[in-house]
Amino acid sequence: MKATINGVTVELVQGDITDLDVDAIVNAANSQLILGTGVAGAIRQKGGPSIQEECLRIGYCEVGDAVITGGGQLKARHVIHAVGPRMGEGSEAGKLASAVRASLRLAEKHGLHSIALPAISTGVFGYPLESCADVMLRVIFDYTFEELMHLRHVIVCLYDHHAYQVFAAEFARKLTDLQAEQD
């Protein structure tokens with residue numbers, strides 16, 4: 001599923017984010033930037049030790065922010081480590097929105113044309129998938145209205161069919177709302 005909004009292609013795909021050939025993939029990170037399980041574990045395994053070594057040099061990232069490293073042995077040249085909220089810590093939607101915006105800003109700042117994001121915080125951090133789809137897609141759609149010089153392709157990569165279906169339903173709703181606003 002995809003749409004072009006203000007010259008930016010926004011796309012949903014189902015699969016393994018570490019297999020995508022994009023300028024950067026986003027890691028659903030923790031504040032200590034330790035590549036543990038889930039998306040981070042897959043990045044560590046396929047990307048090799050250089051990504052974790054760079055993360056250790058950076059040392060820390062606030063919830064709602066993001067940092068960038070090289071992509072190691074991944075197809076992606078960079079990994080953007082976005083720290084989303086843990087469910088129950090408070091202000092989760094705002095923190096998730098901030099982490100997504102920080103990721104997109106880093107991509108633009110570094111002259112990247114394509115980025116792929118997972119469903120941030122929905123794994124061990126326990127954020128509800130439906131709420132994640134709402135927040136992430138709202139931020140991504142809104143970001144296409146910024147004055148972008150580089151970013152032209154934003155992918156949300158969902159690992160399983162259920163997550164894809166949840167995001168696809170929200171994508172369709174947001175696209176309908178956007179078209180209604182423009183009419």
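Each remark here, short or long, concerns the structure printed above.
About the cut-offs
Residues numbered from 1 in each chain as written. Predicted model: local features only at pLDDT ≥ 70, side-chain atom pairs only at ≥ 80, totals over all residues. Heavy atoms only, no water. Axes fitted to C-alpha atoms, helices over the stretch in contact; angles between N-to-C directions. Helix = DSSP H or I, 4+ residues; strand = E, 2+ residues; numbered from the N terminus. Parallel < 35°, antiparallel > 145°, perpendicular 65-115°, else oblique. Left-handed = near helix turned anticlockwise from the far one by under 90°. Contact = heavy atoms within 4.5 Å. Nonpolar A, V, L, I, M, F, W, Y, C, P; charged D, E, K, R; others polar. Core = buried A, V, L, I, M, F, W, Y, C linked by side-chain atoms within 4.5 Å. Buried < 20%, exposed > 50% of the residue type's maximum accessible area, 1.4 Å probe, protein only. Pairing = 2+ DSSP bridges. Phe/Tyr/Trp six-rings, centres within 6.5 Å; stacked < 30°, edge-to-face > 60°. Arc of directions from axis to C-beta. Disulfide = S-S within 2.5 Å.

Observations regarding the packing of helix α4 (residues 129–143) against helix α5 (residues 161–182)
Orientation of α4 relative to α5, taken along the N-to-C sense of each, is 45 degrees, at an axis distance of 9 Å. As far as their axial angle goes, α5 and α4 are oblique. Pair α4 / α5 crosses with right-handed handedness. Contact residues: α4 offers Leu-129, Glu-130, Cys-132, Ala-133, Asp-134, Met-136, Leu-137, Arg-138 and Phe-141, while α5 offers His-162, Ala-163, Val-166, Phe-167, Glu-170, Phe-171, Lys-174, Leu-175 and Leu-178. Its residues placed into classes, the contact of α4 with α5 shows 12 nonpolar, one polar and five charged.

What to know about the nonpolar core
Inside soluble globular proteins, nonpolar side chains tend to come together where they are buried. Residues Leu-12, Ile-80, Val-100, Leu-104, Ile-115, Leu-117 and Phe-167 are the most contacted members of the largest nonpolar core, which totals 48 residues. Residue contributions to this core peak at 10 residues, all from α4. Excluding residues within four positions of it along the chain, Leu-12 makes contact with Met-1, Leu-137, Val-156, Leu-158, Tyr-164, Phe-167, Ala-168 and Phe-171. Val-13, Val-22, Ala-40 and Cys-157 belong to the second largest nonpolar core, which has 15 residues in total.

Considerations on the sheet that holds strand β2 (residues 8–14)
Here we have seven strands laid out as an open sheet, ordered β1-β2-β7-β6-β3-β5-β4, and mixed in their pairing. A strand with exactly one partner marks an edge of an open sheet, and here the two such strands are β1 (2–5) and β4 (66–70). With strand direction ignored, the average angle separating the axes of adjacent strands in the sheet is 25 degrees. Against the sheet, helix α1 (residues 38–47) contacts β3 (24–29) and β5 (78–83), and its axis sits at roughly 130 degrees relative to β3. Sitting on the sheet, helix α2 (residues 49–58) is in contact with β4 and β5, with an inclination near 135 degrees to β4.

Points about the packing of aromatic side chains
Going through the model one piece at a time under the given rule, you end up with one aromatic pair. For the pair Phe-141 and Phe-171, a centre-to-centre distance of 5.4 Å together with 90 degrees between the ring planes defines the contact as edge-to-face. With Phe-141 in helix α4 and Phe-171 in helix α5, this pair connects stretches of sequence that are 30 residues apart. Side by side, Phe-141 and Phe-171 carry an identical accessibility label, which is buried.

Description of the environment of Pro-49
Within the secondary structure, Pro-49 sits in helix α2. With relative accessibility at 57%, the residue Pro-49 sits in the exposed group. Measuring from C-alpha to C-alpha, the distance between Pro-49 and Thr-144 comes to 34 Å, with 95 residues separating the pair along the chain.

Describing α1
Of all the residues in α1, the buried ones are Ala-40, Gly-41, Ile-43 and Gly-47. Considered in projection along α1, the buried side chains sweep an arc of 160 degrees and stay on one side of the axis. Relative to its buried face, α1 has exposed residues pointing more than 90 degrees away, namely Gly-38 and Gln-45. Contacts made by the buried residues of α1 are with β3, α2 and β5. At the exit of α1 stands Gly-48, carrying a positive phi of roughly 85 degrees.

Considerations on the state of the cysteines
A covalent bond bridging the sulfur atoms of two cysteines is what the word disulfide describes. Tallied over the full model, the rule gives zero disulfides. The cysteine Cys-132 is free of any disulfide, with Cys-157 supplying the nearest cysteine sulfur at 13 Å. Judged by relative accessible area, Cys-157 falls into the buried class, the value being 4%.

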